[in-house]
Amino acid sequence: MSQSAELVAATIAFNTNLYPLVQKTKSILEETVNNVQMTTNFEYFDQITSVELLARQGRHSDVQYTPTEFSRRALSAVDYEGMDYLDEQDLQRQMVNPQSQMLQNFVYAANRLKDKTIIAGLSGNASSVDKNGTRTDVPFDTTNQLIVNGSKDLTTKKLKDAIAILEANDVDLTSEPVYCILSTRSYRYLLGQTEFINKDYKLSTNADIKYNAMAEFYGVKFLRFNESYLPNGAAANTKRALLYVKRAGMLGKYKDINTIAEKNVTKQNIQISAKASYGATRMEEKLVVGIDCLTTDAPTS
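Residues numbered from 1 in each chain as written. Predicted model: local features only at pLDDT ≥ 70, side-chain atom pairs only at ≥ 80, totals over all residues. Heavy atoms only, no water.

### Details of the overall build of the protein chain
Helix and strand counts for the protein chain stand at six helices and 14 strands. Buried positions account for 40% of the 301 residues belonging to the protein chain. Across the protein chain, the fraction of contacts at a sequence separation of at least 24, relative to all contacts at a separation of at least 6, is 75%. As presented, the protein chain carries roughly 17,700 Å² of accessible surface, and 50% of it is formed by carbon and sulfur atoms. (Helix = DSSP H or I, 4+ residues; strand = E, 2+ residues; numbered from the N terminus. Buried < 20%, exposed > 50% of the residue type's maximum accessible area, 1.4 Å probe, protein only. Contact = heavy atoms within 4.5 Å. Areas by Shrake-Rupley, 256 points an atom, 1.4 Å probe, with all protein chains shown as cover.)

### Thoughts on the sheet that holds strand E5 (residues 126-130)
In any sheet, the strands associate via hydrogen bonds between backbone groups, in a parallel or an antiparallel arrangement. Here four strands make up an open sheet; going across it, the order is E2-E3-E5-E6 and the pairing antiparallel. Strands with a single pairing partner mark the edges of an open sheet, and in this sheet they are strand E2 (42-48) and strand E6 (135-138). Averaged over neighbouring strand pairs, the angle between their axes works out to 35° when direction is ignored. Judged from the seven bridges that link them, E2 and strand E3 (residues 70-76) form a sheet pairing that is antiparallel. (Pairing = 2+ DSSP bridges. Axes fitted to C-alpha atoms, helices over the stretch in contact; angles between N-to-C directions.)

### Description of the nonpolar core
Within the largest apolar cluster, 42 residues are counted, with the highest numbers of intra-cluster contacts made by Ile181, Phe222, Leu243 and Tyr244. When contributions to this core are tallied by element, the ones reaching two or more residues are helix H3 (99-123), helix H4 (156-168), strand E8 (178-183), helix H5 (184-190), strand E10 (220-225), strand E11 (238-245) and strand E14 (288-294). Each residue touching Leu243, except ones within four places of it in the same chain, is listed here: Ala162, Ile163, Leu166, Val178, Tyr179, Cys180, Val220, Leu287, Val288 and Val289. (Core = buried A, V, L, I, M, F, W, Y, C linked by side-chain atoms within 4.5 Å.)

### Structural notes on H4
An ideal rise of 1.5 Å per residue puts 18 Å on 13 residues; H4 measures up with 18 Å between its terminal C-alpha atoms. Count one or two residues on from H4 and you reach Asp170, which has phi positive near 70°. (Expected span 1.5 Å × (residues − 1).)

### Describing the confidence of the model for the protein chain
With 85% of its residues at a pLDDT of at least 70, the protein chain reaches an overall mean of 85. Confidence over residues 7-15 falls short of pLDDT 50; this stretch has six contacts with residues more than four positions distant or in other chains. (pLDDT = per-residue confidence, 0-100.)

### A short note on the state of the cysteines
Scanning the model with the defined rule gives zero disulfides in all. Cysteine Cys180 is unpaired, with the sulfur of Cys293 as its nearest cysteine sulfur at 7.7 Å. (Disulfide = S-S within 2.5 Å.)

### Points about the side chain of Arg282
Mapped onto the fold, Arg282 is located in strand E13 (residues 269-282). Polar contacts involving the side chain of Arg282 include one to the main-chain carbonyl oxygen of Leu122, which spans 3.0 Å. In this structure the side chain of Arg282 is engaged in a polar contact, spanning 2.6 Å, whose partner is the backbone oxygen of Gly124. Discounting chain neighbours no more than four positions away, the residues touching Arg282 are Arg73, Gly121, Leu122, Ser123, Gly124, Asn125, Ala126, Val138, Pro139, Phe140, Ala248 and Val288. (Polar contact = N/O pair within 3.5 Å; in protein donor to acceptor, adjacent residues only side chain to side chain.)

### As for the pattern of salt bridges
Within the structure shown, the criterion is met by 11 salt bridges. With a shortest N-O distance of 2.8 Å, Asp161 and Lys157 are connected by a salt bridge. Here Asp161 and its partner Lys157 are both found in helix H4, four residues apart, which amounts to about one turn of the helix. Owing to a relative accessible area of 30%, Asp161 belongs among the partly exposed residues under this scheme. On the basis of relative accessible area, Lys157 is assigned to the exposed category, the value being 55%. (Salt bridge = Lys/Arg side-chain N within 4 Å of Asp/Glu carboxyl O.)

### Points about the layout of surface pockets
The volume enclosed by the largest pocket comes to roughly 560 Å³. In terms of lining, the largest pocket is formed by 17 residues, of which the most central are Ile48, Thr49, Ser50, Glu284 and Lys286. Broken down by element, the lining of the largest pocket gets its largest block of residues, three residues, from E2. (1 Å grid on protein atoms, 1.4 Å probe; cavity = no way out; pocket = protein on both sides within 12 Å on 5 of 7 lines; lining within 4 Å. Points joined across faces, edges and corners; volume = space filled by probe spheres on them.)

Following this line, the structure appears as structure tokens:
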């Protein structure tokens, strides 16, 4: 083979391998909350409070009145979009058509957007409407549903205290999976705690103690994210982990990711675009617990 032929062969071998750079490609949280297909950009979800039965007052007494309170949660979708061009010169230079991978990149971006939308919905303001039609913004309940940072990152004690809050709210943890959104920094901090990594504290004595195998603790499944995904805590240098059950959140999809590749006649190139509409909300305050974690607290081991 001549030198020029070898050069051409090497060029083709390099350019036909098109790999995306490091990025999250799947939505981690989409299946951990309820999903709904929205028919409009703004929808309501009716809710009723619990009631209690009262002891009868006596023979021939009137049945006691135990009213049921009704309320609504509002969910609005935000429109998102992105676009790029693929010039004919690009195709000639690369010897492989990157159109498919560029479209796939937009799908990856939409999956990450779902996770960010869910985290914002669980931790931010929720829009509530009472029986009179009065709409109010309901902030995260930092009085009853928050574990303060206590000058520590995430500890097993904080996790157990957060679980206790859910149980005190009558959340049936035996029938509902419990999830914890946390940063990779907090997960690393947990790995330095004996109770978290020691087999003696695990239900299965044959459980492997590996980085990815440490995905649960007391039945809580950990969902790790880059710190930038998490909301800030109440104090400086804190990030807020979120402990919740599936029915705590609602992800609304007015339009799931839609990618299009079409010829732009004016510019004589291919326009690659994507559009999606997502919204998320916290359905009930008592189903989510925040755990503030001090980011400057380094692990001891």
